[in-house]
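# Understanding the architecture of this molecule
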Amino acid sequence: MKLPSVALLFTYGVLCCAPGGYAKESLDTREDHVDLASAEDVLGDDLNNGSLRARGLKKKEWSYKGKKGDDMTSSSSKGECGVDYCEAKQISLGGMKTCLKEHFDHLSNLYFPDDGDDYYLARITASGASRYPAAIVYVENVEEVQHALKCAVDNGYKVSARGGNHSYQGMATMDGYVVIDMGRTCKPDEFVVDKTDQGPHILEGSKYIGTIKAQAGCTNAIMLAAGHEHFGEDAGMTLIGSCPSVGITGFVLGGGGGDISPYVGYGVDIVKEFELVLYDGTVVKASEEENADLYWASRGGGGGNGIVTHLTYKIVQAPKQKYEEDKGRKFTLFYLFMDIKDIGKAAKRIMEWFYDADPLITGKFGGGFGWGGPVDISFNFIYLGSWREAVEDLKTTGLLDDEIFTVFPGSPDLSSTILSENYEVLCNFGKPCPQLEGSLSSAYEFNSYAEAEIFHICKGGLFRDWSWTASSYSGDFCKDLGIDDEECEDAVEWKGFPVRTPKVCNKVVIDAMMEKAGDPSSFMNSHGPSQEFIDHLLSLPTTPENTTVSMALDYLVSKNSLPGASILPRLDDKLFTKILKDYPERLDHLQHAAALKVDPDATAYPWRNGAFMLGYSSSESAKSYMELLLKEGYPLQGYYAYLNPQGMKKWRSFFFDDKWKDLAKIRAKYDPKDVFGKPLTIESLGE
């Protein structure tokens, strides 16, 4: 039996990310449009080309305007900030420290550079980027945000809010800044659930059936669990990305592409309201009715206007299903592993399917796909219906065509199960599966969307991510999940450490994952490495004496961040044929149907012309794709939530097209002192 190639299996790895960003330069260097002569104009070989490294911040007076009667003006100290380095403004360090210690418990929710290993643990990022902030403050409510912000600004410090801390460049934990970590604000018991707030959504007949107001420090996993708890019985769905510990705020500020985007749109399309604390401590709301410009900018504009404290999510109901009355609503994770018989016809058919087929049908198919060479292609779909209906829809829309493709059975993790319904195994490699022959490679059907998504996370990489990006696991997932040890096996040795993972993604495992997803303190809701795993490393007899936590982290954590992503516009058949043949890669999230039906001017997110989010596997791949696209006359369109590649010269239009000009004006209005400015955030044109 043929198995999927390694290149295709790579398609299903978990990707975890969130935005960061700011870089200062004079206005005469700003671009008015994308005009790139080569990939080098966007992608430098390193950070030494001067486009992003060490662009000095202008020395200015900082004036913090608080409530009437406050005198909070102080002079900033000297320092330069860039992507690699930012000098902490030590001239005011004592005042800032004193102020923060008056409101926060040192070494409990407050850390400074001289706090040793505690500081080192607090500053570590999901990507392994090494950052050295002047202080890290863990806040629990809006009032504490205001206190921390006042202490920073009053003493001349810039401020960076931090959510899931998944920025590829570690921008949330910015060098020399006061970092305000929002993770402890997440309190699902205090969510505001409104089932009376309903209305039409993007696609014809689609609707949202309620809203959830959540704190900004919550994660993908928490929102998935909350949506299931409050709206699951009515087939309500919460859009998330595929990495459980990614923070919802960075996810939305950067665009918010997820597994059900073809039906519900981007994250920017489901947020109904933001609440923010501005640079001067003022609390404001942003919606269509209130501060509409700030609402527009917060939906895909990368942030920098204030500290988001709350977001109100629309919960979109799954579409009516063909077999719903007989069997109830179903949701299916399925895989297509295909051999291509005619690569030219395959390229044409795929483009037609994503751009020309009925969006009411194709919008039910979310997920991603990848290709490993001239004959291999694979899809992983989250389908809003039963597997039987999926097969019918694929045939109707032409993606299952035996004159172009040959489907062969397989599973992404090489498990034996080929077909299951509500955890009941119907077929496996040792048992013929005539139901799927020639149609799907494998399919896993569930009674709820959340179960299908959790199963996807289980299959897709949570238990295979040894780089600590996805979760703060202990090294024993059965222990982390609170399930019987018999459910796990010794799966791998990573850097010499045994890792125990679930044998299969069965109901016991999925139920445990769902429970942990809703718990802000669980391993699923923060990146690693965990303190427990570090302690385990330090206790090993092979570990040298006098090994510190910082030394252990340096050993454990990868320092290689992923090189970002591009949104590909519709490509002509000839070019896409060449890409399938010679440029193996993967698409992280599909953005067709509903994601392309929103008015391009409705939000700050600019790319409503591209169904493919191409997450580059290496810097070499990013450069080769950019060179190819430019050669063929296509624009370069960057996805801001995957904040890379590094060293880009025309980053504003790369991420925001010409919307960066409006974003700069809005930042000038809401952050005139540039308190929240940092590399790759559109600059404030204020005072």
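Residues numbered from 1 in each chain as written. Predicted model: local features only at pLDDT ≥ 70, side-chain atom pairs only at ≥ 80, totals over all residues. Heavy atoms only, no water.

## Quick notes on the overall build of the protein chain
Scanning the protein chain from N- to C-terminus turns up 21 helices and 25 strands. In the protein chain, the proportion of contacts linking residues at least 24 apart, taken out of those at least 6 apart, comes to 75%. On the protein chain, roughly 24,800 Å² of surface is accessible, and the fraction owed to carbon and sulfur atoms is 47%. (Helix = DSSP H or I, 4+ residues; strand = E, 2+ residues; numbered from the N terminus. Contact = heavy atoms within 4.5 Å. Areas by Shrake-Rupley, 256 points an atom, 1.4 Å probe, with all protein chains shown as cover.)

## Overview of the packing of aromatic side chains
The full count for this structure, using the stated rule, is 39 aromatic pairs. Ring centres 5.3 Å apart and planes at 70° place the aromatic pair Tyr 423 and Phe 446 in the edge-to-face group. Here Phe 446 lies in strand S20 (residues 442-446) and Tyr 423 lies in the loop between strand S18 (417-421) and strand S19 (424-428), a separation of 23 residues in the sequence. Using a relative accessible area of 1% as the deciding quantity, one classes Phe 446 as buried. Ring pairing ties together the aromatic residues Phe 334, Trp 353, Phe 354, Tyr 355, Phe 365, Phe 369, Trp 371, Phe 379, Phe 381, Tyr 383, Phe 576 and Phe 612, which thus form one cluster. (Phe/Tyr/Trp six-rings, centres within 6.5 Å; stacked < 30°, edge-to-face > 60°. Buried < 20%, exposed > 50% of the residue type's maximum accessible area, 1.4 Å probe, protein only.)

## Description of the pattern of salt bridges
Inspection of the entire model under this criterion finds 29 salt bridges. For Glu 352, the salt bridge identified is with Arg 349, shortest N-O distance 3.8 Å. With Glu 352 and Arg 349 both in helix H10 (residues 343-355) and three residues apart, the pair spans about one turn of that helix. A relative accessible area of 27% means that Glu 352 is categorised as partly exposed. With a shortest N-O distance of 3.0 Å, Arg 667 and Asp 674 are connected by a salt bridge. The pair Arg 667 / Asp 674 is uniform in exposure class, with both members buried. Here the residues in one salt-bridge network are Lys 348, Arg 349, Glu 352, Asp 401 and Asp 573, joined through shared partners. (Salt bridge = Lys/Arg side-chain N within 4 Å of Asp/Glu carboxyl O.)

## Quick word on a negative patch on the surface
Together, Asp 599, Asp 601, Asp 657, Asp 658 and Asp 662 give the surface a local cluster of negative charge. With respect to the secondary-structure elements, Asp 599 resides in the loop between strand S24 (585-590) and strand S25 (612-615). What makes Asp 599 partly exposed here is its relative accessible area of 46%. (Patch = residues over 30% accessible without salt bridge, like charges linked within 9 Å, V, L, I, M, F, W, Y side chains within 5 Å. Lys, Arg positive; Asp, Glu negative; His and termini not counted. Charge placed at Lys NZ, Arg CZ, Asp CG, Glu CD.)

## Digging into the nonpolar core
Core analysis: the largest hydrophobic core is formed by 195 residues, its most contacted members being Phe 369, Met 513 and Phe 612. Ranked by size, the runner-up nonpolar core spans eleven residues in total, among them Leu 537, Ala 552, Leu 556 and Val 557. (Core = buried A, V, L, I, M, F, W, Y, C linked by side-chain atoms within 4.5 Å.)

## Examining the packing of helix H13 (residues 449-462) against helix H15 (residues 507-517)
Direction vectors running N to C along H13 and H15 enclose 100°, while the axes themselves pass 10 Å from each other. As summarised for this structure, H13 and H15 are arranged roughly perpendicular, according to the angle between their axes. Contact residues: Ala 450, Glu 451, Ile 454, Phe 455, Ile 457, Cys 458 and Leu 462 in H13; Val 509, Ile 510, Met 513, Met 514 and Ala 517 in H15. Partitioned by chemical class, the residues of the contact of H13 with H15 number eleven nonpolar, no polar and one charged. (Axes fitted to C-alpha atoms, helices over the stretch in contact; angles between N-to-C directions. Parallel < 35°, antiparallel > 145°, perpendicular 65-115°, else oblique. Nonpolar A, V, L, I, M, F, W, Y, C, P; charged D, E, K, R; others polar.)

## Focus on the sheet that holds strand S5 (residues 159-162)
Strand order across the open sheet formed by four strands is S3-S4-S6-S5, with mixed pairing between neighbours. For this open sheet the edge positions go to strand S3 (110-111) and S5, each flanked by a neighbour on one side alone. Pairing geometry for strand S4 (residues 135-138) and strand S6 (residues 178-181), over four bridges, is parallel. The partner of Ala 135 across the bridge, within S6, is Val 178. (Pairing = 2+ DSSP bridges.)

## Quick word on the state of the cysteines
Within this structure, the stated rule accounts for five disulfides. Each sulfur in the disulfide pair Cys 99 and Cys 151 lies 2.0 Å from the other. On the sign convention where negative is left-handed, the bridge of Cys 99 and Cys 151, at about -70° about the S-S bond, is left-handed. Of this pair, Cys 99 sits in helix H2 (residues 93-103) while Cys 151 sits in helix H4 (residues 142-154); the two residues are 52 residues apart in sequence, bridging distant segments of the chain. Note that Cys 458 is cross-linked by a disulfide to Cys 505, the S-S spacing being 2.0 Å. (Disulfide = S-S within 2.5 Å.)

## A word on helix H19 (residues 619-631)
Along its 13 residues, H19 runs 18 Å from first to last C-alpha, staying within 8% of the 18 Å computed at 1.5 Å per residue. With its phi angle positive at about 85°, Gly 633 sits one or two positions after the end of H19. (Expected span 1.5 Å × (residues − 1).)

## Details of the environment of Leu 311
Its place among the elements puts Leu 311 in strand S13 (residues 307-317). Setting aside residues up to four positions removed in sequence, Leu 311 forms contacts with Ile 212, Lys 213, Ala 214, Ala 216, Ile 248, Thr 249, Val 252, Val 271, Glu 273 and Phe 274.

## A word on the side chain of Asn 220
Its place among the elements puts Asn 220 in helix H5 (residues 220-231). The exposure class assigned to Asn 220 is buried, which follows from its relative accessible area of 1%. A distance of 2.9 Å separates a polar side-chain atom of Asn 220 from the backbone oxygen of Cys 243. Those residues in contact with Asn 220 that lie beyond four places of it in its chain are Ile 240, Gly 241, Cys 243, Pro 244, Val 246, Ile 248 and Phe 251. (Polar contact = N/O pair within 3.5 Å; in protein donor to acceptor, adjacent residues only side chain to side chain.)

## Observations regarding H4
Helix length check: H4, at 13 residues, gives a terminal C-alpha distance of 18 Å against a target of 18 Å (1.5 Å per residue), a fit within 8%. Buried within H4 are the following residues: Val 142, Glu 144, Val 145, Ala 148, Leu 149, Cys 151, Ala 152, Val 153 and Asp 154. Two residues or fewer after H4 comes Gly 156, characterised by a positive phi angle close to 85°.

## Considering unusual backbone geometry
Residue Pro 529 follows Gly 528 across a cis peptide bond; omega there is 0°. Here Pro 529 shows up in the loop between H15 and helix H16 (531-539). You will see that Asn 291, though not glycine, has its phi angle at about 50°, which is positive. As for its placement among the helices and strands, Asn 291 is situated in the loop between strand S12 (283-286) and helix H8 (292-298). With phi around 60°, Asp 674 is a residue other than glycine that occupies positive phi space. Within the element layout of this structure, Asp 674 appears in the segment after helix H21 (660-670). For Asp 674, a relative accessible area of 2% puts it in the buried group.

## Examining the pairing of strand S23 (residues 565-568)
Of the two faces of S23, both are covered, the one formed by Ala 565 and Ile 567 as well as the one formed by Ser 566 and Leu 568. As paired elements, S23 and S25 share four bridges and run antiparallel to each other. Each bridged residue has a counterpart across the sheet, and for Leu 568 the counterpart in S25 is Phe 612.

## Focus: the pairing of S4
Side chains of S4 alternate between two faces, with Ala 135 and Val 137 and Ile 136 and Tyr 138 buried alike. In this sheet, S4 lies alongside S3 in antiparallel orientation, the contact comprising two bridges. From the neighbouring strand, Leu 110 faces S4, where its bridge partner is Val 137.

## Things to note about the confidence of the model for the protein chain
Mean pLDDT over the protein chain stands at 85; residues scoring 70 or higher make up 83%. Taken together, the stretch residues 17-37 has pLDDT below 50 and engages in 84 contacts with residues farther than four places along the chain or on a different chain. A low-confidence stretch, residues 43-91 (pLDDT under 50), is modelled with 124 contacts involving residues beyond four sequence positions or located in other chains. (pLDDT = per-residue confidence, 0-100.)

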